[in-house]
Amino acid sequence: MKIATYNVNGVNGRLPVLLRWLEQAQPDVVALQELKAPDEKFPAEPIRQLGYEVIWHGQSRWNGVAMLSRIGEIHETRRGLPGDPDPAQSRYIEAAINGILFAGLYLPNGNPRPGPKFDYKLAWFERLIEHAAQLLASGLPVVLMGDFNVMPTELDVYKPERWLDDALFAPETRAAWFRLVEQGWTDALRAMHPDETIYTFWDYFRNAFARDAGLRIDHFLLSPSLKDRLLAAEVDREPRGWEKTSDHTPVWIELAD
DNA sequence: ATGTCGTTTAGCAAACGA
């Protein structure tokens, strides 16, 4: 089973790129983030024509998350986190598919730091940590995936010293990430590639992709029962080089059936 | 400080978020 997460940065603006990647990569379950479209403007039909069921939680202009499946019915279990500090923001969608619980999330960016946006990021992170603990306690197989807007370690940033004050790499943010992971989650990309530099995002500015000045901020966290089923975890860098593409690129894992 | 996108509209240029 191939599972992917992709921050598309505008699902309508990226539709040709998204459809091309779906046809080429053939993922079974996909989490999308940054739809930047209200519910009524989500392009469900072309996605369905590729054989996917799809659910989405949109929002005008910003945020927005979706879940796609071509391996069975999507049973939505929640949208939004319990006690979300700002329920108007569409950042979390969760569904049971084929016996696994999938959560697709778009954690707040949080810049500038300090400030109210950074406070909101940390508050959202706390809600996620609480909810993730409950998911673990359920004993179900769970995949948490999406754009976490966190570089966990110095291996995940092209110039760590420049990012120390940024909301994506600040001590508070990384501490929250490790509190989450240490509940018992497995960082799938890092587990398969313990020592490699891995990036999933490259800024549009200053030719960052060509210089490989990237960040690893799109992640998969696996519950304990899924850890032993992990066969592969990779970044698909090719779509980042396409015309009119997102600043993120798809990341995927393969789980044994 | 700056760079570049997608999206929206007190609207076709400018603001915002990233």
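Please refer to the structure placed before this passage.
All figures in this text were calculated on a predicted structure; none of them were measured in a lab.

(A) A look at a positive patch on the surface. Judged by side-chain charge, Lys-159, Arg-162, Arg-206 and Arg-211 come together as a positively charged surface patch. Tracing the backbone through its elements, the reader meets Lys-159 in the loop between strand E8 (142-147) and helix H4 (171-181).

(B) Seen up close, the packing of helix H3 (residues 116-138) against H4. Where H3 contacts H4, the axes come no closer than 10 Å and their chain directions differ by 5 degrees. When the interaxial angle is binned, H3 and H4 end up roughly parallel. Between H3 and H4, the contacting residues are Phe-118, Lys-121, Leu-122, Phe-125, Glu-126, Leu-128, Ile-129 and Ala-132 on the first element and Glu-172, Thr-173, Ala-176, Trp-177, Arg-179 and Leu-180 on the second. Grouping the amino acids of the contact of H3 with H4 by side-chain chemistry returns 9 nonpolar, 1 polar and 4 charged.

(C) The arrangement of helix H1 (residues 15-25) in detail. When we look at burial in H1, the residues that qualify are Leu-15, Val-17, Leu-18, Leu-19, Trp-21, Leu-22 and Ala-25. Its buried side turned inward, H1 meets strand E1 (2-7), strand E2 (29-33), helix H2 (44-49) and strand E4 (65-69). Just beyond H1, the residue with positive phi is Gln-26, at close to 55 degrees.

(D) Region of the structure containing the protein's contact with DNA strand B. Neighbouring DNA strand B are 18 residues; Arg-14, Arg-61, Lys-117, Phe-205 and Arg-206 lie closest to it. If you look at DNA strand B and keep only atoms within 4 Å of the protein, 66% of those are sugar or phosphate atoms. In the model, a sugar or linking oxygen of DNA strand B is placed 3.4 Å from a nitrogen or oxygen of the Trp-62 side chain. Grouping the constituent residues of the surface near DNA strand B by class yields 5 nonpolar, 6 polar and 7 charged.

(E) Looking closely at the sheet that holds strand E9 (residues 186-187). Strand order in the open sheet made by the 6 strands is E5-E6-E7-E8-E12-E9, with mixed pairing throughout. Looking at the sheet topology across the chains shown, the edges are occupied by strand E5 (75-79) and E9. Across the face of the sheet, H3 comes into contact with E5, strand E6 (92-97), strand E7 (100-106) and E8 while running at roughly 15 degrees to E6.

(F) Broad picture of the environment of Val-235. Residue position: Val-235 is located in strand E13 (residues 230-235). Sequence separation between Val-235 and Pro-250 is 15 residues; the distance between their C-alpha atoms is 6.3 Å. In this structure Val-235 touches Leu-189, Ile-198, Tyr-199, Thr-200, Thr-249, Pro-250 and Val-251, once residues within four positions along its chain are discounted.

What counts, and at which threshold
Residues numbered from 1 in each chain as written. Chains lettered and ligands numbered in written order. Predicted model: local features only at pLDDT ≥ 70, side-chain atom pairs only at ≥ 80, totals over all residues. Heavy atoms only, no water. Patch = residues over 30% accessible without salt bridge, like charges linked within 9 Å, V, L, I, M, F, W, Y side chains within 5 Å. Areas by Shrake-Rupley, 256 points an atom, 1.4 Å probe, with all protein chains shown as cover. Salt bridge = Lys/Arg side-chain N within 4 Å of Asp/Glu carboxyl O. Lys, Arg positive; Asp, Glu negative; His and termini not counted. Charge placed at Lys NZ, Arg CZ, Asp CG, Glu CD. Helix = DSSP H or I, 4+ residues; strand = E, 2+ residues; numbered from the N terminus. Axes fitted to C-alpha atoms, helices over the stretch in contact; angles between N-to-C directions. Parallel < 35°, antiparallel > 145°, perpendicular 65-115°, else oblique. Contact = heavy atoms within 4.5 Å. Nonpolar A, V, L, I, M, F, W, Y, C, P; charged D, E, K, R; others polar. Buried < 20%, exposed > 50% of the residue type's maximum accessible area, 1.4 Å probe, protein only. Near = heavy atom within 4 Å. Polar contact = N/O pair within 3.5 Å; in protein donor to acceptor, adjacent residues only side chain to side chain. Pairing = 2+ DSSP bridges.

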